[in-house]
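# Understanding the architecture of this molecule
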Amino acid sequence: MDRTGEEILAASRDATMHNRKFLVRGIAFLRLAQLLLWPASMMFGMTAGIENPALATVTIVLQTLWSLIWVTIVLSRNDVPGWSLWADVSINASAAVAAGLACYPWDALSWSNSAVPLALGSMFSLALLFPARQVVLAWIILSAGIGAGASVAMLQQPAMITTYFSTLVMLLVVATLGALVGHRLRALAENAGRTAEALEEALQWRRAAEIQGSERTRQYRTLHDTVLSTLSALARGSLDASDPLVQRRCAADAEYLRSIISSADRSAVNRLQGELAALGREQAVLGLRVHHQVADMPATVPDEVVTTIRDASREALNNVLKHSGQSQAWVTGRGDPSGNGGVTVTVTDRGRGFNPHAHSPGLGLSGSIIARMAEIGGSAVVESEAGQGTSVELRWPA
């Protein structure tokens, strides 16, 4: 189930990226196709309306060079940077001025004007990718450039004003088509994104549920092998309840049960909480009673973090048993209040304590606790004072 879901999620992401690349490449190839219109116009004699061939040639050469640069940028990035589209609009608007002035007045808005087809392509590309407000601004800029290029023609021949407005309408129609296609593509991409997010959340929930189920099974097995085994033996009469060893075993089992039920529901199925509870039972057999309070732990903690915190906590409890002069210790655990998945476990005793400034950390403290936590990106802070007990705080991440 998880594997299938992950494959669907990966396929959805790949499809979204593929569609984006397809759109970007389509825009780039459209620009390259537009560059072929000028040679085709020359072949079919549609450039006869050019009055100043030198200015027209310089204009189309500069537009061609820019178009090749623009296409290279787009294809190399598999994306259309916003600045490049606005640069494209500005350059095509400027070219429209020069190309229009290079034509005879009556041909300033005909196919002899090499800037008009490229202006249409620039308008379509921008409308595909940007919202309406920016599309309108681009339309105004391109319209102004085309109008400036045809200004002489419109002054000499008022009928050209109608042709100019027809060109503006054509620009607007192209922009509208681009905007409609772009809106549809963005809607599809957003729907795919929301579907992928929902699937990912479902997969995370499923993984967390499986981990919790596995932890429940582990705890049930531990209960069967410890508490239930002790109770069954007592019920059958195969254990003597007055035997000090049996009493210590019962105390350890009781402490294990107490540590499980003392935590919040969410933590009760967390593997780290179970490991800490098992530590309490281990120490109870050795004569150290461990009081647990573990709550608000994250639903999942990486296995290496669980193992490291468990082992560091065991070493801290061993130190309590060896050095504190007390028979009780307290283990508290909590998750990161911000909900980022962090964990803090504190082992505390009320024993004789020591002066950290006067004593260098021993091998167990430095190697088995501090260094061990550092290896997983965590930290260990030891606070103690003579006669005031000792506190060891294990935090992950640091």
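Residues numbered from 1 in each chain as written. Predicted model: local features only at pLDDT ≥ 70, side-chain atom pairs only at ≥ 80, totals over all residues. Heavy atoms only, no water.

### Quick look at the overall build of the protein
Along the backbone of the protein there are 14 helices and five strands. A buried classification covers 41% of the 398 residues belonging to the protein. A sequence separation of at least 24 residues applies to 73% of the contacts in the protein between residues at least 6 apart. Here the protein displays about 20,900 Å² of accessible surface, and carbon together with sulfur accounts for 61% of that area. (Helix = DSSP H or I, 4+ residues; strand = E, 2+ residues; numbered from the N terminus. Buried < 20%, exposed > 50% of the residue type's maximum accessible area, 1.4 Å probe, protein only. Contact = heavy atoms within 4.5 Å. Areas by Shrake-Rupley, 256 points an atom, 1.4 Å probe, with all protein chains shown as cover.)

### Notes on helix α9 (residues 227-236)
Here α9 has its buried residues at Val-227, Thr-230 and Ala-233. Across the axial projection of α9, the buried residues extend over an arc of 135°, all falling on one side. In α9, those exposed residues whose orientation departs by more than 90 degrees from the buried face are Ala-235 and Arg-236. Looking one or two residues past α9, Gly-237 carries a phi angle of roughly 85°, positive in sign. (Arc of directions from axis to C-beta.)

### Here's the deal with the pairing of strand β1 (residues 289-295)
For β1 and strand β2 (residues 328-335), the ladder comprises seven bridges, and the chain directions are parallel. Each bridged residue has a counterpart across the sheet, and for Gln-293 the counterpart in β2 is Thr-332. Taken together, β1, helix α13 (residues 303-324) and β2 form a β-α-β motif whose crossover is left-handed. (Pairing = 2+ DSSP bridges. Right-handed = clockwise from strand over helix to strand, strands pointing away.)

### Observations concerning the packing of helix α12 (residues 271-286) against α13
The geometry of α12 relative to α13 is characterised by a closest axis approach of 10 Å and an angle of 25° between their N-to-C directions. Relative to α13, α12 is oriented roughly parallel. The handedness of the crossing between α12 and α13 is right-handed. Residues Arg-271, Leu-272, Glu-275, Leu-276, Leu-279, Glu-282, Gln-283 and Leu-286 of α12 touch α13, and the partners they reach there are Asp-303, Val-306, Thr-307, Ile-309, Arg-310, Ser-313, Arg-314, Leu-317, Asn-318 and Leu-321. In terms of residue class, the contact of α12 with α13 is made up of eight nonpolar, four polar and six charged. (Axes fitted to C-alpha atoms, helices over the stretch in contact; angles between N-to-C directions. Parallel < 35°, antiparallel > 145°, perpendicular 65-115°, else oblique. Left-handed = near helix turned anticlockwise from the far one by under 90°. Nonpolar A, V, L, I, M, F, W, Y, C, P; charged D, E, K, R; others polar.)

### A short note on a nonpolar patch on the surface
A grouping of Val-58, Val-61, Leu-62 and Leu-65 is seen on the molecular surface, where their side chains present a nonpolar patch of about 360 Å² in accessible area. Mapped onto the elements of the fold, Val-61 is located in helix α3 (residues 53-77). For Val-61, a relative accessible area of 41% corresponds to the partly exposed category. (Patch = residues over 30% accessible without salt bridge, like charges linked within 9 Å, V, L, I, M, F, W, Y side chains within 5 Å. Salt bridge = Lys/Arg side-chain N within 4 Å of Asp/Glu carboxyl O.)

### Structural notes on the packing of aromatic side chains
Going through the model one piece at a time under the given rule, you end up with three aromatic pairs. Ring centres 5.1 Å apart and planes at 0° place the aromatic pair Tyr-104 and Trp-106 in the stacked group. Lying over the aromatic face of Trp-70, Arg-31 brings its terminal NZ or CZ to 4.8 Å of the ring centre. (Phe/Tyr/Trp six-rings, centres within 6.5 Å; stacked < 30°, edge-to-face > 60°. Lys NZ or Arg CZ within 6 Å of the ring centre and 35° of its normal.)

### Notes on the sheet that holds strand β5 (residues 390-396)
In space, the five strands of this open sheet follow the order β1-β2-β3-β5-β4, with mixed pairing throughout. Here the strands that pair on one side only, and so sit at the sheet edges, are β1 and β4 (379-384). Going across the sheet, the axis of each strand differs from the next one's by a mean of 15°, ignoring polarity. As defined by bridge partners, strand β3 (residues 343-349) adjoins β5 across seven bridges and the pair is classed as antiparallel. Note on β5: the bridge partner recorded for Val-343 is Trp-396. Packing against the sheet, α12 makes contact with β1, β2 and β3, and its axis sits at approximately 170° to β1. Running at roughly 10° to β3, α13 makes contact with β1, β2, β3 and β5 of the sheet.

### Section: the confidence of the model for the protein
Summary statistics for the protein give a mean pLDDT of 80 and a share of 82% for residues scoring 70 or more. Ignoring residues within four places in sequence, the model shows residues 264-269, a span with pLDDT below 50, making 17 contacts including any to other chains. (pLDDT = per-residue confidence, 0-100.)

### Remarks on the packing of α3 against helix α4 (residues 82-101)
Contact pair α3 / α4: the axes reach a minimum separation of 9 Å and the direction vectors enclose 170°. Comparing their axes, α4 and α3 come out roughly antiparallel. Here the hand of the crossing between α3 and α4 comes out left-handed. Two secondary-structure elements touch here, α3 through Leu-55, Thr-59, Gln-63, Trp-66, Trp-70, Ile-73 and Arg-77 and α4 through Trp-83, Ser-84, Leu-85, Ala-87, Asp-88, Ile-91, Asn-92, Ala-95, Ala-98, Ala-99 and Leu-101. For the contact of α3 with α4, the class distribution of residues is 12 nonpolar, four polar and two charged.

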